[in-house]
Structure formats: structure tokens, C-alpha cells
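# A look at the structure
One-letter residues, chain by chain:
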Amino acid sequence: MDSQIKETAKIIRESKFTIAFTGAGISVESGVPPFRGEHGLWNKYNPEILDLGYYHENPEKCWLFIREIFYDFFANAHPNKAHKVLAHLEQSGLLHSVVTQNIDNLHQEAGSKNVYEFHGNSKRLKCLKCGKVFDASEIDFEHIPPRCDEDGEILKPDFIFFGEGIPTAAFENAFADAEKCDVCIIVGSTGEVTPASFVPRAAKQNGATIIEINPEKTLFTGQVTDIHLMGKATVILEKLENQLF
Ligand code: NAD
């Protein structure tokens, strides 16, 4: 492992354009469970609650789960060492951007500036009628579903539900950076969610070196990945930071 860390640090130091691609795994050590796997949320909840069509038909029912998962539970999470190392790399000019599938805002809270939110952000809510955007801190979650103060319409969390498209700017920026980068660091993603998983694949096709940080093998491992640093995100990224600075 030590020689892999040294080799990876050298690749990052010599890179002209590095991006990170993160999934639910980077936030696991902040106490946010992933959707998939043994302790995943889909073992407890039916994914239907985040289906757009179902939401439109049953907003009140969906909101009970949405509040429990995203506003009672995610709300208490704080950035961990892995989020902080990525922010440090950006501040030091060693990382250009973070493309994240996560909706928990933890990269921004850790200090990352250039974050492309492929699936949106749970800290914002949006009125689907007038488009007004609300910060989650303004919302009284005791009274759900929350409603727009302009037109009374039910607010929807500003992360994408099943059946919704990827936010255009995040999609375009992510793929533009995937085409430019010479190194892509994947942290904590199964690679099962499309089209997000095409981002590291596009980087690979353009000749980038792909570094994967994950305690498990994934759909990227062996196919897309050049170096697999097998371990927890906090542990591996702290080792890399120690090697780089
Ligand atoms: P996933 O849930 O499919 O997979 C999580 C991956 O993280 C697995 O490969 C697992 O081995 C790895 N992992 C677990 N612990 C880890 C650790 N300590 N360090 C590094 N890796 C670790 O995640 P996904 O592929 O990102 O897809 C799920 C989708 O669900 C995402 O698109 C995302 O939008 C959403 N989601 C987001 C959050 C969040 O915002 N934190 C949480 C759950 C799900």
C-alpha cells in the first residue's frame, strides 16, 4: 500500500488537470449511509418514495420519508477527513473540480469551491410552479409538506428523483472536465448509477489515469481503474495528503 500511495502522490503532483468523482462512500464516515449494499438505505426504504411520478401523486406521504431521511438524519452530518483533503487539494492547485453524485453538501462545507452536483443538493428546496429556491435552514420541517410562500405550491427537494434529468450545467461541466483531465480520482462509488458513472469512463477514454479509492471492488475496478487504493476514504486520502504536503 505504501508504494501505491507514493506512486499515486507522484501522479497527482505531476498531473496538469486532476478531477475527483465521488459517490455515497465518501460520506459513509460522516454517518450518511449509502443507498446500496448491506447497510444501504434501500434495505430499509422502498426506492419508489423517490420516484417523480409517485411523488407527484403522493407528495404528503413521500414527504414523511423525505423528512426522515434527508432532514432529520443527513442534516446532522459533518464533513470528514476525506472531504477536507479534497478541499485542501483544490486550494493547493492540485485538484481542479469535484464531480459528486452526493446531495449532502459536505464537499462545499469542507471548503471545496468547484463542485458539480450531478444529482442536485438536498440543502435547497424548489417551488416547481414559480421556481423560487429556498435554503433548507428556512424551512419548518415540523409542518410538512413545506409550501412556497409565494404561491402555496408544495416544495420539492432540489435533488433529482428517479425519472428526472441531470441538471444541465453540472452535466456539461462534468463531461467537459472529464475530457480535459489527465487524472481522475474516484472515491466511494459503485459505478452502478448512470449516466454519472460515464464521467470516469469518459476520462479513461480520453487517456486519463484513473485512481480508485474504495474498500470494495466496484464496476470500475479492473475495467476503468488503473490504481485501486483499497481502503476507507478518510484513511487513504489522509495518507495521500501526508505524502503530498
Ligand atoms: P452507492 O451507494 O451505490 O455505493 C457506495 C460505495 O461506497 C460502495 O462501492 C462502497 O464500497 C463504498 N464505500 C463504503 N464505505 C466507504 C468508505 N468508508 N470509503 C470509501 N468508499 C466506501 O453509491 P453511489 O455509487 O454513489 O450511488 C448511489 C446514489 O445515491 C448516488 O448517485 C447518490 O446520488 C445517492 N446517495 C447520496 C448520498 C449522499 O449524498 N451522501 C447517500 C446515499 C445515496
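Residues numbered from 1 in each chain as written. Predicted model: local features only at pLDDT ≥ 70, side-chain atom pairs only at ≥ 80, totals over all residues. Heavy atoms only, no water.

## Considering the overall build of the protein
When its secondary structure is counted, the protein shows eight helices and nine strands. Scaling as 2.2 N^0.38, a compact globule of 245 residues should have a C-alpha radius of gyration of about 18 Å, and the protein matches this with 18 Å. Counting all 245 residues of the protein, 52% fall into the buried class. Of all intrachain contacts in the protein linking residues separated by at least 6 positions in sequence, the fraction that spans at least 24 positions is 64%. With an accessible surface of roughly 11500 Å², the protein has 48% of that area assigned to carbon and sulfur atoms. (Helix = DSSP H or I, 4+ residues; strand = E, 2+ residues; numbered from the N terminus. Rg over C-alpha atoms; globule rule 2.2 N^0.38 Å. Buried < 20%, exposed > 50% of the residue type's maximum accessible area, 1.4 Å probe, protein only. Contact = heavy atoms within 4.5 Å. Areas by Shrake-Rupley, 256 points an atom, 1.4 Å probe, with all protein chains shown as cover.)

## Considerations on the pattern of salt bridges
Applying the stated criterion across every chain, the model contains ten salt bridges. With its nearest N and O atoms 3.3 Å apart, the salt bridge here joins Glu-14 to Lys-10. Taken together, the positions of Glu-14 and Lys-10, both in helix α1 (residues 2–14) and four residues apart, correspond to about one turn of that helix. The class for Glu-14 is exposed, based on a relative accessible area of 54%. Its salt-bridge partner being Arg-124, residue Asp-158 comes within 3.0 Å of it at the nearest N-O pair. You can see Asp-158 sitting in strand β6 (residues 155–159) and its partner Arg-124 sitting in strand β4 (residues 120–127), a full 34 residues away along the chain. On the accessibility criterion, Arg-124 (29% relative accessible area) is partly exposed. (Salt bridge = Lys/Arg side-chain N within 4 Å of Asp/Glu carboxyl O.)

## A few points about the domain arrangement of the protein
Segmenting the protein into domains produces domain 1 (1–32 + 78–119 + 165–245) and domain 2 (33–76 + 120–159). One C-alpha centre belongs to domain 1, the other to domain 2; they are set 26 Å apart. Considering only the surface of domain 1 that becomes buried against domain 2, Val-32, Ile-103 and Glu-117 emerge as the three largest contributors, covering 46% of it. Inspection of the region where domain 1 meets domain 2 yields two salt bridges. At the surface where domain 1 touches domain 2, the tally comes to six residue pairs in polar contact (both at pLDDT 80 or more). By residue class, the composition of the side of domain 1 that touches domain 2 is seven nonpolar, seven polar and four charged. (Domains from an automatic or database assignment. Buried area = accessible area lost by both parts, 1.4 Å probe. Polar contact = N/O pair within 3.5 Å; in protein donor to acceptor, adjacent residues only side chain to side chain. Nonpolar A, V, L, I, M, F, W, Y, C, P; charged D, E, K, R; others polar.)

## Notes on the packing of helix α6 (residues 168–180) against helix α7 (residues 198–205)
Relative to each other, α6 and α7 sit at 30 degrees, their axes nearing to 7 Å. With respect to α7, the axis of α6 lies roughly parallel. The crossing of α6 and α7 is right-handed. Note on element contacts: α7 touches α6 through Phe-198, Val-199, Ala-202 and Ala-203, opposite Ala-174, Phe-175 and Ala-178. Classifying every residue of the contact of α6 with α7 gives seven nonpolar, no polar and no charged. (Axes fitted to C-alpha atoms, helices over the stretch in contact; angles between N-to-C directions. Parallel < 35°, antiparallel > 145°, perpendicular 65-115°, else oblique. Left-handed = near helix turned anticlockwise from the far one by under 90°.)

## Section: the pairing of β4
Taking burial as the measure, the eight residues of β4 include six buried ones, the bulk of the element. Relative to β6, β4 is paired through five bridges, and the arrangement is antiparallel. Within the sheet, the bridge partner assigned to Lys-126 lies in β6 and is Lys-156. Direction of pairing for β4 relative to strand β5 (residues 133–135): antiparallel, over a ladder of three bridges. Pairing of Arg-124 across the sheet is with Asp-135, part of β5. In sequence, β4 turns back onto β5 through a hairpin of five residues, with Gly-131 there showing a positive phi of about 85 degrees. (Pairing = 2+ DSSP bridges.)

## Quick word on the sheet that holds β6
Strand pairing in a sheet takes place through backbone hydrogen bonds and is either antiparallel or parallel in direction. Sheet architecture is open: three strands sit in the order β5-β4-β6, paired in antiparallel fashion. The outermost strands of the open sheet, each flanked by one partner alone, are β5 and β6. Here the average twist between neighbouring strands, direction ignored, is 40 degrees. Across the sheet, helix α3 (residues 59–73) is in contact with β4 and β6; its angle to β6 comes to roughly 40 degrees.

## Examining the sheet that holds strand β9 (residues 227–229)
Pairing is parallel in the open sheet, where six strands are placed in the order β3-β2-β1-β7-β8-β9. Each edge of the open sheet is held by one strand with a lone partner, namely β3 (115–117) and β9. For this sheet, the mean inter-axis angle between neighbouring strands, taken without regard to orientation, is 20 degrees. As judged from the four bridges shared by strand β1 (residues 18–22) and strand β2 (residues 97–100), these two strands associate in the parallel manner. Bridging across to β2, Phe-21 finds its partner in Val-99. α6 contacts β1, β2 and β3 of the sheet and is inclined by roughly 130 degrees relative to β3.

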